[in-house]
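# Coordinates in review
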Amino acid sequence: MTREQYILATQQNSLPRTEQPQFYPVGIYGWRKRCLYFFVLLLLVTMIVNLAMTIWILKVMNFTVDGMGNLRVTKKGIRLEGISEFLLPLYVKEIHSRKDSPLVLQSDRNVTVNARNHMGQLTGQLTVGADAVEAQCKRFEVRASEGGKVLFSADEDEIVIGADRLKVTGTEGAVFGHSVETPHIRAEPSQDLKLESPTRSLVMEAPRGVQVSAAAGDLKATCRKELHLQSTEGEIFLNADTIRLGNLPVGSFSSSSSSFSSSSSPSSSAPHQTIYELCVCPNGKLYLSPAGAGSTCQSSSNICLWS
């Protein structure tokens, strides 16, 4: 380096600098700072409002250590007092009411109780509606409060009534479309018992006999066409002080002329026919005998019914 270059270099370094240094501010200023303060204030107000609302809800709903409101959590389960409304399905194992008050289930439409198995399939359903009460199950039973005796049961095969007495209060009585099997049929005291078939026949059958008894009244059997009393192996036994066959024509027998005249029209003549007597033997057998003074019925002093 020459002397002239050295002098020039040193002169340039010794000259005073006239440029000012540049400073850059650090932080948030202006509208950004104002927006930040606004958001912090809004967050603080929101927290205060939320805290106030939480305290108000806890006070209104009566939250305690045991539960909330009328709902109390006990060792035996959940206890709910007062009127409650459930908007979603309720799954519980048992529902009990207080000892001094009944349990009321109320709905604007109907109340339905469903029972399901472990696979979720419906096995029983009880629906209480405004028009009817419906039960869908394999077997329906009604039991007595004392002893658990079955009063009524119904399934697909049969219906069983286990009450000591079945009382039908309808004016038309009881109507059965098919056969009825019962050991005893009895009417109310001072009332008549009537078995009637308006358009068909009435059949009473029993393997060891049918007993019809009227202890304090009359026994009456009425039919439109024919009344059959049939015994396949035994006998028909009529035991009474007086046996009457009403509305039978009474005839007179004359040995001389063998003429027949009816008591209803004595002046008119009737065709000639033989008159027989219906005689009853002491052993209960019936036989016919020609009417006359020397008939077998008169000679043996049997009971004779004129035919």
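Conventions we followed
- Residues numbered from 1 in each chain as written.
- Predicted model: local features only at pLDDT ≥ 70, side-chain atom pairs only at ≥ 80, totals over all residues.
- Heavy atoms only, no water.
- UniProt positions renumbered as here; feature names shortened; annotations may be inferred.
- Helix = DSSP H or I, 4+ residues; strand = E, 2+ residues; numbered from the N terminus.
- Salt bridge = Lys/Arg side-chain N within 4 Å of Asp/Glu carboxyl O.
- Buried < 20%, exposed > 50% of the residue type's maximum accessible area, 1.4 Å probe, protein only.
- 1 Å grid on protein atoms, 1.4 Å probe; cavity = no way out; pocket = protein on both sides within 12 Å on 5 of 7 lines; lining within 4 Å.
- Points joined across faces, edges and corners; volume = space filled by probe spheres on them.
- Polar contact = N/O pair within 3.5 Å; in protein donor to acceptor, adjacent residues only side chain to side chain.
- Contact = heavy atoms within 4.5 Å.

Under an unreviewed UniProt entry, the protein chain has the name SGCZ protein and belongs to Oxyruncus cristatus. Taken directly from UniProt, the Sequence similarities (unreviewed entry) text for the protein chain runs: "Belongs to the sarcoglycan beta/delta/gamma/zeta family."

## Description of the UniProt feature "transmembrane region" (unreviewed entry) in the protein chain
Listed under "transmembrane region" (unreviewed entry) in the UniProt record, and renumbered for this structure, are residues 36-58. Across residues 36-58, helical content stands at 100% and strand content at 0%; the span's end C-alpha atoms are separated by 33 Å.

## Here we look at the pattern of salt bridges
Under the defined criterion, the tally for this structure stands at 5 salt bridges. For K149, the salt bridge identified is with D164, shortest N-O distance 3.0 Å. One end of the pair, K149, is in the loop between β7 (140-143) and β8 (150-154); the other, D164, is in the loop between β9 (159-161) and β10 (276-280), with 15 residues separating them in the sequence. You can call K149 partly exposed: its relative accessible area is 40%. Of the charged contacts in the structure, one is a salt bridge between E196 and K194, with a shortest N-O distance of 3.4 Å. On the accessibility criterion, E196 (54% relative accessible area) is exposed. What makes K194 exposed here is its relative accessible area of 65%. The network of salt bridges with common partners includes R139, E141, R143 and D155.

## Overview of the layout of surface pockets
There is about 2,500 Å³ of room inside the second largest pocket. What lines the second largest pocket is a set of 45 residues, and nearest its centre among them are F86, L90, I95, L103 and L105. Listed by contribution, the elements that provide at least two residues to the lining of the second largest pocket are β3 (78-80) and β4 (111-116). With 6 residues, the top contributor of residues to the lining of the second largest pocket is β4.

## Considering the side chain of S153
Structurally, S153 is set in strand β8. A distance of 3.2 Å separates polar atoms of two side chains, one belonging to S153 and the other to R139. Not counting chain neighbours up to four residues away, the residues in contact with S153 comprise R139, F140, E141, E158, I159 and V160.

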